[in-house]
Amino acid sequence: MAASVFEFDRALVREPAESAVNGLRAVDRGAPEIAGLKAEHAAYVDALTVCGVTVERLAADEAFADSMFVEDPALVFGEGAILLRPGAASRLGEAAAILPELRARFATVLTLPETGFADGGDVLVTPDTVYIGLSARTDETGAEHLVAALRDLGRNGEIVTPPEGVLHLKTACSLLDAETLLVTEAMQNADLFAGMRTLVVPDGEEAAANALRVNDTVLIAKGSSRTAELLDGAGYTVREVALDEVMKLDAGLSCMSLRWRSERR
Ligand code: CIR
């Protein structure tokens, strides 16, 4: 059985680049304001730290506007890392940029064959299964390569098809504990996760479905008060993190870090 999927003691983040004003966004709600983006990123790092995680910060990479979203070019576990192939043309080069950082921290770093695409935002790790969602960023070929790499790490991968209009699998769902997911209603109706319990985010708070469980705490987007109440009522410890500028780039909590539990504890 895999190690706990929400107990982490290490995380890697990348500082936002000034070029983030040119970051990808499906619906243009304006460019993020860089000072605000940096402040939100710093508060996110603080939140991870308060939750008991040692966070290492990589320098901003101006060559890649979306490079602060380090979860997309890599997938990490205590036992090893997998270098992914982000499916947006402007982001594919982020993989090569993060490779030395993975090699410096993991004894095992697997790479995928150079066909197809697989994006970390499409990967949801549960204790028994690593779900890989097909999307505009992850195709069948990339997903199949990822399943093979996961097998080499002793993990079971399963490819799923999320509902239309979901940027990344984890845009619309996240892990709350070993048996429970937080999902949007559309994701609930798609019924992709056999054997997992689900809590559905209240209508109008769909963005809160990208929560992040870190040790004893569930981080959620600030302003999702009904989701906070729902989680609080279900017994979770909730911490809100401001994400207004981050959300202008279609991003949320999970994509701003790579997290793992080091084997040395
Ligand atoms: C992008 O479209 O690639 C970025 N602007 C946002 C990526 C967010 N990543 C994620 O949800 N895993």
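The rules behind each value
Residues numbered from 1 in each chain as written. Predicted model: local features only at pLDDT ≥ 70, side-chain atom pairs only at ≥ 80, totals over all residues. Heavy atoms only, no water. Buried < 20%, exposed > 50% of the residue type's maximum accessible area, 1.4 Å probe, protein only. Helix = DSSP H or I, 4+ residues; strand = E, 2+ residues; numbered from the N terminus. Pairing = 2+ DSSP bridges. Near = heavy atom within 4 Å. Polar contact = N/O pair within 3.5 Å; in protein donor to acceptor, adjacent residues only side chain to side chain. Areas by Shrake-Rupley, 256 points an atom, 1.4 Å probe, with all protein chains shown as cover. Nonpolar A, V, L, I, M, F, W, Y, C, P; charged D, E, K, R; others polar. Core = buried A, V, L, I, M, F, W, Y, C linked by side-chain atoms within 4.5 Å. Contact = heavy atoms within 4.5 Å. Right-handed = clockwise from strand over helix to strand, strands pointing away. Phe/Tyr/Trp six-rings, centres within 6.5 Å; stacked < 30°, edge-to-face > 60°.

Going by the annotation in an unreviewed UniProt entry, the name recorded for the protein is Dimethylarginine dimethylaminohydrolase, with Pararhizobium mangrovi given as the source organism.

### Quick notes on the pairing of strand β9 (residues 173-177)
β9 sits mainly inside the fold: 5 of its 5 residues count as buried. Relative to strand β10 (residues 180-183), β9 runs antiparallel, the two being bridged by 4 bridges. In the strand pairing of β10, Leu175 is matched with Leu181. Here β9 folds back onto β10 in antiparallel fashion, the turn holding 2 residues.

### What about the site of the ligand?
Near the ligand, the surroundings consist of 13 residues, among which Leu24, Asp72, Arg91, Arg137 and Leu249 are the closest. In the model, an oxygen atom of the ligand is placed 2.8 Å from a nitrogen or oxygen of the Arg137 side chain. In this structure, a nitrogen atom belonging to the ligand sits 2.8 Å away from a main-chain N or O atom of Leu249. Contact with the protein chains covers 97% of the free accessible surface of the ligand, which is 350 Å². Grouping the amino acids of the shell around the ligand by side-chain chemistry returns 5 nonpolar, 2 polar and 6 charged.

### Details of the nonpolar core
Leu75, Ile82, Leu146 and Phe193 are the most contacted members of the largest nonpolar core, which has 33 residues in total. Listing elements by their share of this core, those giving two or more residues are β3 (74-77), β6 (123-125), β7 (130-133), α3 (140-152), β9 and β10. Residue contributions to this core peak at 5 residues, all from α3. Of all hydrophobic cores here, the second largest spans 27 residues; its members include Tyr44, Leu219, Leu243 and Val246.

### Remarks on the side chain of Thr126
With respect to the helices, strands and loops of the structure, Thr126 is situated in the loop between β6 and β7. Owing to a relative accessible area of 3%, Thr126 belongs among the buried residues under this scheme. At a separation of 2.7 Å, a polar atom in the side chain of Thr126 contacts the main-chain carbonyl oxygen of Thr129. Beyond its immediate chain neighbours, meaning those up to four positions away, Thr126 contacts Val5, Tyr131, Leu175 and Met196.

### Looking at the pairing of strand β14 (residues 237-241)
Taken together, the 5 bridges between strand β13 (residues 217-221) and β14 define a ladder with parallel strand orientation. For Val218, the partnering residue across the bridge sits in β14 and is Val238. A crossover connection joins β13 to the parallel β14 through helix α5 (residues 225-233); in handedness this β-α-β unit is right-handed.

### Here's the deal with the packing of aromatic side chains
In total, this model carries 2 aromatic pairs according to the counting rule given. Ring geometry for Phe106 versus Trp260: centroids 4.8 Å apart, planes at 55°, classification tilted. One end of the pair, Phe106, is in the loop between α2 (94-105) and β5 (109-111); the other, Trp260, is in strand β15 (residues 258-260), and 154 residues separate them in sequence. Both rings, one in Tyr131 and one in Phe193, keep their centres 4.8 Å apart while their planes meet at 85°; by these two values the pair is edge-to-face. Taken together, the residues span a long stretch of sequence, with Tyr131 in strand β7 and Phe193 in the loop between α4 (185-190) and β11 (197-200) at a distance of 62 residues. Grouping residues by exposure puts Tyr131 and Phe193 together as buried.

### Topic: the environment of Ala42
Inspection of the secondary structure puts Ala42 in helix α1 (residues 34-50). Separated by 111 residues in sequence, Ala42 and Leu153 place their C-alpha atoms 32 Å apart.

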